[in-house]
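Examining the three-dimensional arrangement
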Amino acid sequence: MNLRKPSRLTAFLLAGSLLLAACAADEGGEAEDTDEADADSGEADESDDAEGSEDEAGAAERTLVIAAANVPGGFDGDALQPATQETVVQMNEPLLGFAVSEPQEDGARSVISSEIEGRLAESWEISDDGLTATFSLRQGVLSPFGNELTAEDVKWSWDKSFAQERTGNFLAGVANVESVEVVDEYTVQFNLSEPSALLLSNLTVYTPGIYDSTKMKEHATEDDPWALEWLVENHAGFGPYTVESVSPGEQAVFVRNENYYGGFGEPFFDRVIYREVPDASTRQQLLIAGEVDWIEGFSPTDVEQFLDDERVKVQSVTGTRQHRVMMRQDIAPFDDVRVRQAVAYATPYDQINDIVFGGLATVGKSPLTPAYACFTDEHFTYETDLDRARELLAEAGYEDGLDVEFVYSEIDFSEEGVAIQMADALAEVGINVTLRKAPEAQMVTGIEEASLPFFFAGFEALVLDPGFHLEVSASTGGVANDNGYSNPDFDAAVADGNSTFDDDARCAAFDEAQRIHMEDSTWVGGWVTTHNELMAPDIDGFVWNPTNHELWVELSRQ
Amino acid sequence: VAVTIPLLFGLVVVSFFLVRIGDANPAVLIAGPQASTAEIEMIESDLGLDQPLSSQFVTYLRSLAEGDLGDSWASGRSVTSEIRNRLPASLELIVFGLLGALVVGSLLGALPDQLKKGSLSHLVAERNVDIGTVLVMAVPIFWAALLLLYVFWFQLNIFPPPIGRLPLGVAAPPDITGSYVVDAMLSRDWEVFGAALRQMALPIITLIISESVVIARHVRAVTREIRNSPYYRYARALGSSNASLVALVLRNAAPSIIGFFGIVFAASLGGVALIELVFSWGGIGDAGLKAMQRADFAMVQGFILVSGVFVTLVYLVTDSVATLLDPRALE
C-alpha cells in the first residue's frame, strides 16, 4: 500500500506533463516540422524544396553556435564589460599579429610570441633613436560599411583610447606611445616618449582597436564624441566579423564581414550565434547533446570529465596563467629574504601540482612562463629541501618557529587547495599558517591597499611579451605588482630589455631579471595551468592567443 | 495608494543603502585586474561613487523623479530598457505557470473530498495529496528544474533544449507586449507561436509542480474547514444536491484561495529567478541575481523597485477580486 501511494502521485504528475508536452508539441507542430527538416534535410523533402533545405543544412553547417554566460554588454574594447573582450577580438583587426605554430598532437595551435607579422599594417620602420615608429597600411582594406582603411582611422581610434583613459590608454602608456599622427593616406606614425620594445607586441592586441572612423563619426554627438552609445549594440571595424543584432538576455548574432581582406584567413562560418546560457552546467549539457558548437566559462576542474568523452572535444595549450603564493617584502617576517627563501625551499611543488592541479600545471621556476621568449628556469634553486628551509629560518632568528596568516579567496579555482597544501608543508619547518578566506571584493581591496603580507594571487598578461609581463607584474609600481616587489637592479634589467630592439640583448637583460627575481624569492609556485577549450567534435582550427579568446575566423567544421 | 507610496519610498531608501553596505566596489570590477589606483578613482568619480552617500542618494532621488533609473554598467544600457526587455519574459513565465498551478493546485486540493468519505479511493487520494505535497515542497525548485530537464530533454528528448525563449534560428515576433507567445499569437505567426510554446513548456511545468502543491495544501485546509462548518452541514442536512454543495464550498473558499494565490504570485518574481537561470530565460529575476554578484548598483535598485511595484499591484488586484467576491473583506 505504502509503496503505491507516492507512485500514484508520480504517475499523475507524469501524465500531466506528458499531456502538456503533447499539447505543446501539437500546437508547435509547424515549428517541429521545420526543426526536423533542418536535421535531416533532403531525405524528408525530396520534392519541391529539396534545394531549399539543402540551403538550410548548408547554413547550419556554416553557423557557429556558442553558449556563453552573457550577451555582450557592449562592443567598446576600452571598457571591461561581460563578454565584450570575447567578441570585440572577432571584429577589431589589429595592426600586427603573431605567426601561428604547427598543430600539436591534439590539433590545437598557439601563436609564436617571437614572430610578429603584418595585419592592417603591411610594413613598419623604427627610427634609429627608437622614438618614432612608422607603419605603412595595407591598401584596399574595407570595413563592412565599405569604407577604406586610412591613416586617419588609426589616428582617430588611438585618440579615442587616449581620451577614454582605460585599457587602450594603459597599453599605450606601457609602450610609451604619446601620440599618433597621419603622415599620408596610408602611412601613420607613432611618437614615443622613450624607446619601447613592447610597442610591436602591444599592437597585436584588440585595443586600441582600429575603427572605421567614417562610420563612427556618423554616430558621434557633442556629448558622445566617440560614439560609445552606438557601440553598445553596433561596431565598425576591419575584422572578419561584424554585429548583426543584439537581444539583451538572449543572444547576439554576428555575420562575416563580406569585405574582409583576409589577414587571418577566410572565415569558414558565415554566422555566429552567441547565445546567453547563464548556468554553467546547462552549457556543458548543451555541448554534450550537440546543441551548441562551443562553450565559454567553465572551470579547469570541469575539463577532466570530458577527456574520454567522444561527444566533446577538449583542446589544451600551455597558456600563461600563473597561480602564485605572494609575500610582501615590506611587512615582517617577509621583509627578511631568508624567510622568503625558506618558504620557497619548504614548498612541495610537484605535490601541489598533482593534488591541486591534477598534474596538469607546469611548476613555475621563473617569474616568466614557458610560453614567453627569453624564458629560463636555470636560476631556480629551490628544489624542496626542508633542512635548508629550517637552516634559513634559524639564520633569520626564527629557530623556534613563527606564526603567519595566509589570505586567499575564491577568485581562482585553485586558491583553497594551494592554501591548505602550503599550510601543511610550512608547518613541517615551523611556520604556523593560519588560513583566512576573504570575500572577493575584500581580497581585491586588501591587495590594492598593500595590507596583506602573505596571500594568493593569479596573473596572466594581456600582451605576450616577456618585457610586458615582467614590467607590469614585478617592476616597482607595476599596475599588477600585487605584492609590492621592489628591487632597483631588477627594474634596471627590465628597463634595459624593454628599450632595446636587439633580440639577444633583450634576452640577456631578461635573463638577469629572472635571476634577481628568483634570488629575491618574492613569490613561490607560479604554477602555470594549461588553457583549455571545450568544443563539438567536428570543430577544427583552434589557435590559442594571449587574450585567451578563440578567433572564430580560424575555426571551421570538418 | 495612501499606503503604497510611502511603502515604495521606503523600498527605494532601503535598496539604495543596502546595496552600498557591502564592500564590493563596482569601480574595481569595471576597471579590471590590471587597473591602476588612478584609473579606479577616475571610474569612481564617473559613477559618482566618490561623493558622500547622502549626496549620491539625493542625485538618485532626483533622477528617479524624472523617471531615470540610471545605467547598468554590465550591460551598457539604461536600467529602464533592461526592465522593458526582461520583465515581459518573466511575466509570461509567472502568469502561465501560476495560473496553471492555481488550476492544478485547486484540483489536487479539492479532489480527495469529492470522493466518498471512508472509501478506499478517498483514503488513498487524501494520503497521496498530503504526502505528495510535502515531498514536492521539500524539493528545491532549482533541482527540480535540472531533474526535469535531464529526464525530459536530455534522456527522452520530448522537450527542446534549455536555450531560452526561442529555438536557434527562429526570429522573435514583432514586439507588441514583449511576451513571445502572446506577440506571435497577436501577429498570427503560428510557427513562432508553437516554437515559443514548446520552449516554455518545461519551465512552466516546473513552476506548476513546485507552486501547485503549496496552493493544494491551502485549498485542502480551507475546504476542510468549510465542510466542517455549521452552514455546510445544515445545507447537507436539508438535502441539497451535490452540485449545489460544491458551489457552496467554492463560493466560500474563493476569497481565501485568491488571497493566498496573491501571496504566492507576489513572491514569485524572486523565486522564478532560479528557473530563469536553468532555462536561460533572460528574465528580470536572473538579471537581478547577476546584478547583485556584479555590484551593478543601479540594476539592483531597479530590480528591487520593480519587484516592489509588482507586489503592490498583485495585492491590489487580488484584494479587489476578493472584495468583489466577499464584500466583508473590506471591513
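Relevant structure appears above.
The rules behind these values
Residue indices begin from 1 for each chain and proceed along its sequence in written order. Labels follow written order: the first chain is A, the first ligand is 1, and so on. Confidence filtering applies because this is a predicted model: local features only for residues at pLDDT of at least 70, side-chain atom pairs given and counted only at 80 or more, and all residues used for totals across whole chains, interfaces and linings. Where side-chain values are given, they derive from all heavy atoms of the structure, hydrogens and water being excluded. Counting from the N terminus, the helices are the DSSP runs of H or I reaching at least four residues and the strands are the DSSP runs of E reaching at least two. Both definitions apply: the radius of gyration is a C-alpha atom measure, and the globule rule equals 2.2 Å times residues to the power 0.38. Here, two residues are considered to be in contact whenever any of their heavy atoms come within 4.5 Å of each other. The protein chains shown are the only cover counted for residues, whose accessible areas, like all others here, come from Shrake-Rupley with a 1.4 Å probe. Lys and Arg are tallied as positive, Asp and Glu as negative. Neither His nor the chain termini are counted. Charge placement uses NZ in Lys and CZ in Arg. For Asp and Glu, CG and CD serve respectively. Any two strands are treated as partners once DSSP identifies two or more bridges connecting them. In this analysis an axis means a line fitted to C-alpha atoms, helices contributing only their contacting stretch, and an angle means the value between N-to-C directions, from 0 to 180 degrees. Each reported salt bridge corresponds to a side-chain nitrogen of Lys or Arg within 4 Å of a carboxyl oxygen of Asp or Glu. Here's how the labels work: a residue is buried when its accessible area is under 20% of the maximum for its type, exposed when over 50%, partly exposed in between, all with a 1.4 Å probe on protein chains only. A patch consists of residues exposed above 30% relative accessible area that lack any salt bridge, with like charges linked at up to 9 Å and nonpolar side chains (Val, Leu, Ile, Met, Phe, Trp, Tyr) linked at up to 5 Å. Put simply, angles under 35 degrees are roughly parallel, angles over 145 are roughly antiparallel, angles from 65 to 115 are roughly perpendicular, and the rest are oblique. Side-chain classes follow a simple rule in which Ala, Val, Leu, Ile, Met, Phe, Trp, Tyr, Cys and Pro form the nonpolar group, Asp, Glu, Lys and Arg form the charged group, and the remainder, Gly included, forms the polar group. A clockwise turn of the near helix away from the far one marks a right-handed crossing, whereas an anticlockwise turn of less than a right angle marks a left-handed crossing. Under this definition, polar contacts are N or O atom pairs within 3.5 Å; protein pairs additionally need one hydrogen-donor-capable and one acceptor-capable atom, and for neighbouring residues in sequence, both atoms have to be side-chain atoms. The rule for a disulfide is simple: a pair of cysteine sulfur atoms within 2.5 Å. Here, nonpolar core refers to any group of buried Ala, Val, Leu, Ile, Met, Phe, Trp, Tyr and Cys residues whose side-chain atoms link them within 4.5 Å.

Things to note about the overall build of chain A
- For chain A, the count of helices and strands is 18 helices and 21 strands.
- Over its C-alpha atoms chain A spans a radius of gyration of 27 Å, differing by no more than 12% from the 24 Å that the globule rule assigns to 558 residues.
- Along the three orthogonal principal directions, the C-alpha set of chain A runs to about 90 × 85 × 45 Å.
- Nonlocal contacts in chain A, meaning residues at least 24 apart in sequence, comprise 70% of its contacts between residues at least 6 apart.
- Carbon and sulfur atoms make up 45% of the accessible area of chain A, which totals about 22,200 Å².
- Taking the average location of the 31 positive side-chain charges in chain A and that of its 108 negative ones, the two points are 5 Å from each other.

Some details on the sheet that holds strand β7 (residues 187–192) of chain A
Residues and elements named next belong to chain A.
- The strand order across the open sheet formed by four strands is β4-β5-β7-β6, and the pairing between neighbours is antiparallel. One side of each edge strand has no neighbouring strand; the edge strands of this open sheet are β4 (121–126) and β6 (177–184). Across the sheet, the mean angle from the axis of one strand to that of its neighbour is 20 degrees, orientation sign disregarded.
- Against the sheet, helix α5 (residues 151–164) makes contact with β5 (132–137), β6 and β7, and its axis sits at roughly 160 degrees relative to β6, the strand it touches most.

Examining unusual backbone geometry
Residues and elements named next belong to chain A.
- With omega at -5 degrees, the peptide bond leading from T207 into P208 counts as cis.
- Tracing the backbone through its elements, the reader meets P208 in the loop between α7 (199–202) and α8 (213–218).
- Residue P333 is reached from A332 by a cis peptide bond, and omega for that bond is 0 degrees.
- Within the secondary structure layout, P333 lies in the loop between β13 (322–327) and α11 (337–346).

As for the pattern of salt bridges
All names here are of chain A.
- Taken as a whole and assessed by the stated rule, the structure comprises 31 salt bridges over all chains.
- One salt bridge connects R436 with E405, and the closest N-O pair in it is separated by 3.2 Å. Of this pair, R436 sits in strand β15 (residues 431–437) while E405 sits in strand β14 (residues 402–408), placing them 31 residues apart in sequence.
- With a relative accessible area of 31%, R436 lands in the partly exposed category.
- The exposure class of E405 is partly exposed, given its relative accessible area of 34%.
- A single network of salt bridges, built from pairs that share partners, joins D76, D78 and K160.

Looking at a negative patch on the surface
- A surface patch of like charges, here negative, comprises E222, D223 and E229 of chain A together with E66, D68 and D71 of chain B.
- As for its placement among the helices and strands, E229 of chain A is situated in the loop between α8 and β8 (241–247).

Brief notes about the sheet that holds strand β20 (residues 543–544) of chain A
All names here are of chain A.
- Pairing is mixed in the open sheet, where three strands are placed in the order β2-β3-β20. Looking at which strands have only one partner, the edges of the open sheet turn out to be β2 (96–100) and β20.
- Pairing analysis gives five bridges linking β2 to strand β3 (residues 109–118), with the strands arranged antiparallel. In the sheet register, L96 faces β3, and the bridge partner there is G118.

Let's talk about the packing of α5 of chain A against helix α6 (residues 167–174) of chain A
Residue and element names in this part refer to chain A.
- Where α5 meets α6, the closest approach of the two axes is 7 Å, and the angle between their N-to-C directions is 100 degrees. One element, α5, and the other, α6, form an angle in the roughly perpendicular class. In this structure, α5 contributes W158, S161 and F162 to the contact, and α6 contributes G168, N169 and A172.
- When grouped by side-chain class, the residues that make up the contact of α5 with α6 number three nonpolar, three polar and no charged.

Side note on the packing of helix α6 (residues 120–138) of chain B against helix α9 (residues 190–227) of chain B
Residues and elements named next belong to chain B.
- Across the interface, α6 lies against α9 with an axial gap of 9 Å and an inter-helix angle of 135 degrees. Comparing their axes, α9 and α6 come out oblique. In the packing of α6 onto α9, the handedness of the crossing is left-handed. On α9, the residues that touch E126, V129, D130, T133, V134, V136 and M137 of α6 are I209, S210, V213, V214, A216, R217 and R220.
- Here the contact of α6 with α9 is built from residues that sort into eight nonpolar, two polar and four charged.

A few points about helix α16 (residues 466–474) of chain A
Residue and element names in this part refer to chain A.
- Of all nine residues in α16, eight are buried, a share of seventy percent or more.
- Buried residues of α16: P466, G467, F468, H469, L470, V472, S473 and A474, and no others.
- A side-chain oxygen of the first residue of α16 lies 2.7 Å from the backbone nitrogen of G467; this N-cap is D465.

Topic: the pairing of β13 of chain A
Residues and elements named next belong to chain A.
- In terms of burial, β13 is a largely internal element, six of the six residues being buried.
- As paired elements, β13 and strand β16 (residues 454–459) share six bridges and run antiparallel to each other. Bridging from a neighbouring strand, V325 pairs with F456 of β16.

Quick notes on the state of the cysteines
All names here are of chain A.
- Following the criterion strictly, the structure yields one disulfide over all chains and no others.
- Across the disulfide from C374 sits C507; the S-S distance is 2.1 Å. What sets the handedness of the C374 and C507 disulfide is the S-S torsion sign, and at about -70 degrees it is left-handed. Of the two residues, C374 sits in the loop between α12 (349–357) and α13 (386–395) while C507 sits in helix α18 (residues 503–520), which places them 133 residues apart along the sequence.
- Of the residues examined, C374 reaches a relative accessible area of 18% and is grouped as buried.

With respect to the nonpolar core
- L534 of chain A together with L202 and F279 of chain B are the most contacted members of the largest nonpolar core, which totals 90 residues.
- Per element, the largest residue contribution to this core is 17 residues, and it comes from α9 of chain B.
- F254, M326, V472 and M535 of chain A belong to the second largest nonpolar core, which has 70 residues in total.

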